[in-house]
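Structure assessment
The primary structure of each chain is shown beneath.
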Amino acid sequence: MAVLLIRMAGDPVLRQKAKRVRTIDASIQKLIDDMIDTMRDAPGVGLAANQVGVPLRVIVIEVPEEDGEDPPPGEPPRRQLYTLINPQIVKRSGQRQPDEGCLSIPGYKAPTPRSVSVTAKGLNRDGKEIRIKAENNLLAEALEHEIDHINGILYIDHLESMDQLVKIEDENEPEDEVKASARGGHGP
Ligand code: NI
């Protein structure tokens, strides 16, 4: 397991339409493990394989559990991890505009047009077909965001204007260093 380098906007691999995975072999299992490590290290709620320089149709998402029991006091909320190979959106409906960011565009966010209800399908890491339905939550947003990634699309492509981008303030840094480092790492 390893934390991989996240590619930044401007890197051509982010604009490639990623290729389908033909065989879920040991190299794909390692890629998935490394993507999970990289997502958690960032930290982010999702990651697509081309964000770590591998143009294959693999995404990982980890979001807080919505229906889970409350964790014991002092423990962080439980999180649900999803791995999808060759994912596709089979149904989407409704419109909303959540604030969105991206690990490949650190330090910024913008209200981004997204669907209310999203159903996606794909293979899990055991090669079994799974279907995920999400409504009006971070999971729905992440499914659209990450599946966009493997099609070479970034969330900024959905904005009417780059003027909609808002800088994320990093409260841990002195004011004048924020611009220089421009690290935020909120989004998927
Ligand atoms: Ni992203």
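1. Here's the deal with the sheet that holds strand S8 (residues 166-167)
Strands belonging to one sheet form pairs held by backbone hydrogen bonds; the direction of such a pair is parallel or antiparallel. Here we have three strands laid out as an open sheet, ordered S4-S5-S8, and antiparallel in their pairing. The open sheet has two edge strands, strand S4 (99-100) and S8, and neither has a second partner. Looking at chain direction, strand S5 (residues 108-111) and S8 are connected through two bridges and run antiparallel. What sits directly across from Lys109, in S8, is Val166.

2. Focus on the nonpolar core
Note on soluble globular proteins: their nonpolar side chains tend to be buried together. Counting residues in hydrophobic clusters, the biggest one holds 18 residues, and the most contacted among them are Ile59, Ile61, Leu139 and Leu143. Among the secondary structure elements, those contributing two or more residues to this core are strand S2 (58-64), strand S3 (79-93), strand S6 (117-123), strand S7 (129-135) and helix H2 (138-150). Not counting the four nearest positions on each side in its chain, Ile61 is found in contact with Met39, Val45, Gly46, Gln80, Leu81, Tyr82, Leu139, Ala142, Leu143 and Glu146. Ranked by size, the runner-up nonpolar core spans 15 residues in total, among them Leu31, Met39, Val52 and Val58.

3. Quick word on H2
Taking 1.5 Å of rise per residue, 13 residues should cover 18 Å, and H2 covers 19 Å from first to last C-alpha, within 8% of that figure. Of all 13 residues making up H2, twelve are buried, and the element is well covered by its neighbours. For H2, every residue scored as buried is listed here: Leu139, Ala140, Glu141, Ala142, Leu143, Glu144, His145, Glu146, Ile147, Asp148, His149 and Ile150. Residues of H2 that are buried make contact with strand S1 (46-48), S2, S3, S4, S6 and S7. Looking one or two places after H2, you find Gly152, whose phi comes out positive at around 80°.

4. A look at helix H1 (residues 26-41)
In a regular helix each residue adds 1.5 Å, so 16 residues correspond to 22 Å; H1 covers 22 Å between its end C-alpha atoms and thus fits that length. Those residues of H1 not exposed but buried are Ile28, Leu31, Ile32, Asp34, Met35, Ile36, Asp37, Thr38 and Met39. Lining the buried residues of H1 we find S1, S2 and S3.

5. Some thoughts on the pairing of S2
Extensive coverage of S2 is indicated by the burial of six of its seven residues. Across three bridges, S1 lies against S2 in antiparallel orientation. In the strand pairing of S2, Leu47 is matched with Val60. When S2 meets S3, the two strands line up antiparallel, connected through seven bridges. Bridged to Val58 within S3 is Ile85.

Rules and cut-offs
- Residues numbered from 1 in each chain as written.
- Predicted model: local features only at pLDDT ≥ 70, side-chain atom pairs only at ≥ 80, totals over all residues.
- Heavy atoms only, no water.
- Pairing = 2+ DSSP bridges.
- Helix = DSSP H or I, 4+ residues; strand = E, 2+ residues; numbered from the N terminus.
- Core = buried A, V, L, I, M, F, W, Y, C linked by side-chain atoms within 4.5 Å.
- Buried < 20%, exposed > 50% of the residue type's maximum accessible area, 1.4 Å probe, protein only.
- Contact = heavy atoms within 4.5 Å.
- Expected span 1.5 Å × (residues − 1).

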